[in-house]
Amino acid sequence: MPEIVALVDYGAGNLHSVHNALKAVGANVKVTADANVVRAADRIVLPGVGAFRACRDGLKKVPGMIEAMTERVSVGGAPFLGICVGMQLLADRGLEFGSHKGLGWIPGEVRRIEPSDPRIKVPHMGWNDVALLPHARFHEVIEAGEAYFLHSYHFLAENPADVAAMTDHGEGLVAAVARDNVLGVQFHPEKSQAYGLALLERFLAWRP
């Protein structure tokens, strides 16, 4: 039986494009708002676009979903990929329209990008480098390259060891976080053409 990749459906705007990208690299994808499907899945992908609070509220409204994800990932060891706001939700809290609790899987917080140079535009939008940190150069999923970004808030990790890759937009911004079987990327693999598809393909093969 091919592995089941649960793509969590909680109203995230990039759900269908992520689904199409995963299908393009051969994934057996189940788009689901059913906690029991997530609990039984081999891999889990959490998409997300928009505001931290809206995504967090949407996820909380799906009965048992946060508990099922936590059980399958933290206890069961299933590989997990969070994309854009799906990555930001891994933090302890997001500071967008107030302070809002995240999943707390990777300690840190999500703050607005505030470049010191007024010529730097926010949101950070378009193609930019993904530069691996030395301790992550042999990660099985993340590789150096160029990816497509679109965000106004960024992840500030408490532990530098949890930061796998950085990008630059007037200052260094976290492009990816990783801890054990949990991976989050700020960029959009589904919009990053060959680079993004290759990353998703490596995620399907990942055995953390």
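Residues numbered from 1 in each chain as written. Predicted model: local features only at pLDDT ≥ 70, side-chain atom pairs only at ≥ 80, totals over all residues. Heavy atoms only, no water.

Engineer: Kindly report on the overall build of the protein, identifying the contributing residues and their values.
Structural biologist: Tallying secondary structure elements over the protein gives six helices and 13 strands in all. Relative to its length of 208 residues, the protein is compact, with a C-alpha radius of gyration of 16 Å against a globular reference of 17 Å. Taking the principal axes of its C-alpha atoms as reference, the protein extends roughly 50 × 35 × 30 Å. Counting across all 208 residues of the protein, residues that qualify as buried make up 52%. Accessible surface computed for the protein: about 9300 Å², of which carbon and sulfur atoms make up 51%. Charged side chains of the protein number 20 positive and 23 negative; the gap between the two group centres comes to 4 Å. (Helix = DSSP H or I, 4+ residues; strand = E, 2+ residues; numbered from the N terminus. Rg over C-alpha atoms; globule rule 2.2 N^0.38 Å. Buried < 20%, exposed > 50% of the residue type's maximum accessible area, 1.4 Å probe, protein only. Areas by Shrake-Rupley, 256 points an atom, 1.4 Å probe, with all protein chains shown as cover. Lys, Arg positive; Asp, Glu negative; His and termini not counted. Charge placed at Lys NZ, Arg CZ, Asp CG, Glu CD.)

Engineer: Give me the lowdown on the sheet that holds strand S9 (residues 145–151), citing residues and values where you can.
Structural biologist: Across the sheet, which stays open at both edges, the nine strands sit in the order S2-S1-S3-S4-S13-S12-S11-S8-S9 with mixed pairing between neighbours. Of all strands in the sheet, those bounded by a partner on one side alone are strand S2 (28–32) and S9. Between one strand axis and the next, the sheet turns by 25° as a mean value, whatever way the strands run. Summarising the sheet, strand S8 (residues 124–132) and S9 pair through seven bridges and their orientation is antiparallel. Looking across to S9, one finds that His124 is bridged to His151. Sheet strands touched by helix H1 (residues 15–24): strand S1 (4–8), S2, strand S3 (43–46) and strand S4 (80–83). Its angle to S1, the strand with the most contacts, is close to 165°. In this fold helix H4 (residues 65–75) packs onto S1, S2, S3, S4 and strand S13 (182–185), with an angle of close to 135° to the strand it touches most, S3. (Pairing = 2+ DSSP bridges. Axes fitted to C-alpha atoms, helices over the stretch in contact; angles between N-to-C directions. Contact = heavy atoms within 4.5 Å.)

Engineer: With reference to specific residues and values, describe the nonpolar core.
Structural biologist: The biggest cluster of nonpolar side chains holds 68 residues, and the ones touching the most others in it are Leu59 and Met69. When sequence neighbours within four positions are dropped, the list of residues in contact with Met69 reads Val8, Val38, Leu46, Leu59, Ser74, Phe80, Leu103 and Trp105. (Core = buried A, V, L, I, M, F, W, Y, C linked by side-chain atoms within 4.5 Å.)

Engineer: Go over the packing of aromatic side chains, please, and point to the residues and values.
Structural biologist: Under the definition given, this model contains five aromatic pairs. With a centroid separation of 6.3 Å and an interplanar angle of 75°, the aromatic rings of Trp127 and Tyr148 are classed as edge-to-face. With Trp127 in strand S8 and Tyr148 in strand S9, this pair connects stretches of sequence that are 21 residues apart. The exposure class of Trp127 is partly exposed, given its relative accessible area of 40%. Measuring from ring centre to ring centre gives 5.7 Å for Phe149 and Phe187, while their planes differ by 70°; the resulting arrangement is edge-to-face. Linking Phe149 in strand S9 with Phe187 in the loop between S13 and helix H6 (193–205), this pair joins segments that are 38 residues apart in sequence. Taken individually, Phe149 and Phe187 each receive the classification buried, so the pair is uniform in this respect. Aromatic rings pair up to connect Phe149, Phe187 and Tyr195 into one cluster. (Phe/Tyr/Trp six-rings, centres within 6.5 Å; stacked < 30°, edge-to-face > 60°.)

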